[in-house]
Amino acid sequence: MRIGVASDHAGYNLKPGILAFLEEQGVEAVDYGCGEGERVDYVDYALKALAGHAAGECDRLLLICGTGIGMSMVGNKHRGIRAALCVDDYMAEMSRAHNNSNCLALGGRILPLDEALNIVKIWLNTEYEGGRHQERLDKIARIEEKNFKSLQES
Ligand code: RB5
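Now for a quick tour of the structure. Keep in mind it's a predicted model, so treat the numbers as computed, not measured.

1. A word on the nonpolar core
Piece 1. With 21 residues, the main nonpolar core has Ile 3, Ile 18, Leu 22, Leu 62, Leu 104, Leu 106 and Val 120 as its most contacted residues.
Piece 2. Broken down by secondary-structure element, the contributors of at least two residues to this core are strand S1 (2–7), helix H1 (15–24), strand S3 (60–65), strand S5 (103–107) and helix H5 (113–125).
Piece 3. With six residues, the single largest contributor to this core is H5.
Piece 4. If we skip the residues at most four places from it in the chain, Val 120 touches Ile 18, Phe 21, Leu 22, Leu 62, Leu 104 and Leu 106.
Piece 5. By size, the runner-up hydrophobic cluster in this structure holds 18 residues, among which are Ala 6, Tyr 32, Val 74 and Ile 81.

Given below as structure tokens:
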């Protein structure tokens with residue numbers, strides 16, 4: 001599995017530790033920025049990572065801003081992206097088991113690195129349960145299709 005990672009300046013504090021952790025776990029990462037000391041808009045860096053994902057450069061995304069809120073908002077505007085903002089282990093587990101999350105959003109101003117790494121570990125290692133949860137995800141996918149069609153028609 002290859003993970004696309006992006007942050008803004010407010011999420012950058014977690015990024016080097018997360019990249020090192022992924023390497024340690026044998027998980028390949030693609031770093032879409034930002035760099036240390038840069039001041040950037042989270043929207044632009046989410047979009048870089050989302051474009052990479054759409055181009056097949058990575059399988060899942062890990063987006064970090066100050067709270068994780070802005071990154072998750074941008075992620076969830078995209079077809080097929082199920083971005084989950086997680087602040088604890090339970091949310092990380094459920095985001096995979098029930099929501100088949102393919103995009104983890106974290107807050108660099110919310111979580112210390114050790115808690116963020118636990119969340120990442122759980123998110124990487126928890127399998128989606130499917131079954132009744134798939135019917136719900138299918139409903140979400142139908143909303144996306146409907147909105148996409150109405151956009152094309154307008
Ligand atoms: C940047 O100051 C901050 O607004 C951003 O990182 C993020 O928390 C937005 O949701």
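Having put the structure on the table, let's press on.
2. A closer look at the sheet that holds S1
Piece 1. The sheet built from five strands is open, its strands ordered S2-S1-S3-S5-S4 with parallel pairing. The open sheet has two edge strands with one neighbour each: strand S2 (28–31) and strand S4 (83–85). Here the strands of the sheet are splayed against their neighbours by 25° on average, with no regard to which way each runs.
Piece 2. Looking at chain direction, S4 and S5 are connected through three bridges and run parallel.

Conventions we followed
Residues numbered from 1 in each chain as written. Predicted model: local features only at pLDDT ≥ 70, side-chain atom pairs only at ≥ 80, totals over all residues. Heavy atoms only, no water. Core = buried A, V, L, I, M, F, W, Y, C linked by side-chain atoms within 4.5 Å. Buried < 20%, exposed > 50% of the residue type's maximum accessible area, 1.4 Å probe, protein only. Helix = DSSP H or I, 4+ residues; strand = E, 2+ residues; numbered from the N terminus. Contact = heavy atoms within 4.5 Å. Pairing = 2+ DSSP bridges. Axes fitted to C-alpha atoms, helices over the stretch in contact; angles between N-to-C directions.

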